[in-house]
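# Coordinates in review
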Amino acid sequence: MRSHEEMLQLILDRAAGDERIRAVTMEGSRANRNALHDRYSDFDICYIVTDVREFTRDRGWINDFGELLIAQYPNDWFDHPYDYSSHDTFVCLLQFADGNRIDLSLIDVRNIAHEAQNDEPRIVLMNKDHFPELFPVTGEEAYYIRRPSEKEYLDTCNEFRWLSVYITKGLCRRELYYAKRSYDILSMAMFIKMLNWRVAVDHDFQVTTGGSSKYLKRFLPPEEMERFQNIFPDGRYEDIWEKLFNMYDYFAENAQYVASRLGYLFDGWETQRVRAFLSRRRAEDAQG
């Protein structure tokens, strides 16, 4: 696998040797000093180019970066096809056979004004024309967990409890994917939001847990990480039942803590009534 230095040099050499590429920036985790940096970190690169159409109509230049395993072009998708006559930004997600990955954004110089609004970590690697819109960003404030309003907090609690009932319906009917989707995607989104708020209130909302909360383990002690891991069920109905109550109680504790720190209302009455209902549903299911 090519090293970070080799890949970066390749990216810069490709830009230096092509007059159509006027600037290069790097964003994402490799531009953030607080992010995890390892062999799995992507290279989030932007090429500022004189005419994006010269790069989108013929993509043979991609092979200059190495043996391509698979590529994806999210701007050109079945439900939103890309207009190849336009100067719109075009993104190339490139996974190479050696394990390296480049997420390359091609930005036409006509659209460079938008770059002045960037507030996410960024390193300017090359700026042939000294564009003032391109400047380094060292802070990660753009990623900080946002303090919720009381309305958002209450709605999140209500949605979590409401979705918990969906899960029980799927379990009682033996509708596996319905139950799992309600659990893993819908309810879990509310749980993760509350857990992030729980972390953030202890840091005055000057903290981030990263994309998909991947850095939660930085903030949770080992015993709590074990508790967190124990809310994820397998495909057995009884295990989903057990993990549902683990998640429900864990959510309630986090919600109560967040409410106490922010001075918000915690609805213990609704929490208890819904939990009792979940228990009755579980008993019904056990009886067949």
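Parameters at a glance
Residues numbered from 1 in each chain as written. Predicted model: local features only at pLDDT ≥ 70, side-chain atom pairs only at ≥ 80, totals over all residues. Heavy atoms only, no water. Phe/Tyr/Trp six-rings, centres within 6.5 Å; stacked < 30°, edge-to-face > 60°. Helix = DSSP H or I, 4+ residues; strand = E, 2+ residues; numbered from the N terminus. Buried < 20%, exposed > 50% of the residue type's maximum accessible area, 1.4 Å probe, protein only. Pairing = 2+ DSSP bridges. Axes fitted to C-alpha atoms, helices over the stretch in contact; angles between N-to-C directions. Contact = heavy atoms within 4.5 Å.

## Brief notes about the packing of aromatic side chains
A full pass over the atoms with the stated rule returns 14 aromatic pairs. Ring geometry for Y82 versus F90: centroids 4.8 Å apart, planes at 65°, classification edge-to-face. Residues Y166 and Y178 carry aromatic rings whose centres are separated by 6.5 Å and whose planes lie at 20° to one another, so their mutual orientation is stacked. Of the two residues, Y166 sits in helix α3 (residues 150–173) while Y178 sits in helix α4 (residues 176–201), which places them 12 residues apart along the sequence. On the accessibility criterion, Y166 (30% relative accessible area) is partly exposed. One aromatic cluster in this structure is built from Y73, Y82, Y84 and F90.

## Structural notes on the sheet that holds strand β2 (residues 43–49)
Taking strand neighbours across the sheet as the criterion, the six strands line up as β3-β4-β5-β2-β1-β6 in an open arrangement whose pairing is mixed. With one partner strand each, in any of the chains shown, β3 (68–72) and β6 (123–127) form the two edges of the open sheet. Averaged over neighbouring strand pairs, the angle between their axes works out to 20° when direction is ignored. With four bridges joining them, strand β1 (residues 21–27) and β6 adopt antiparallel strand pairing. Among the inter-strand pairings, T25 is bridged to a residue of β6, identified as V124. Across the sheet, helix α1 (residues 4–16) lies against β1, β2, β5 (101–108) and β6, angled at about 10° from β2, the strand it touches most.

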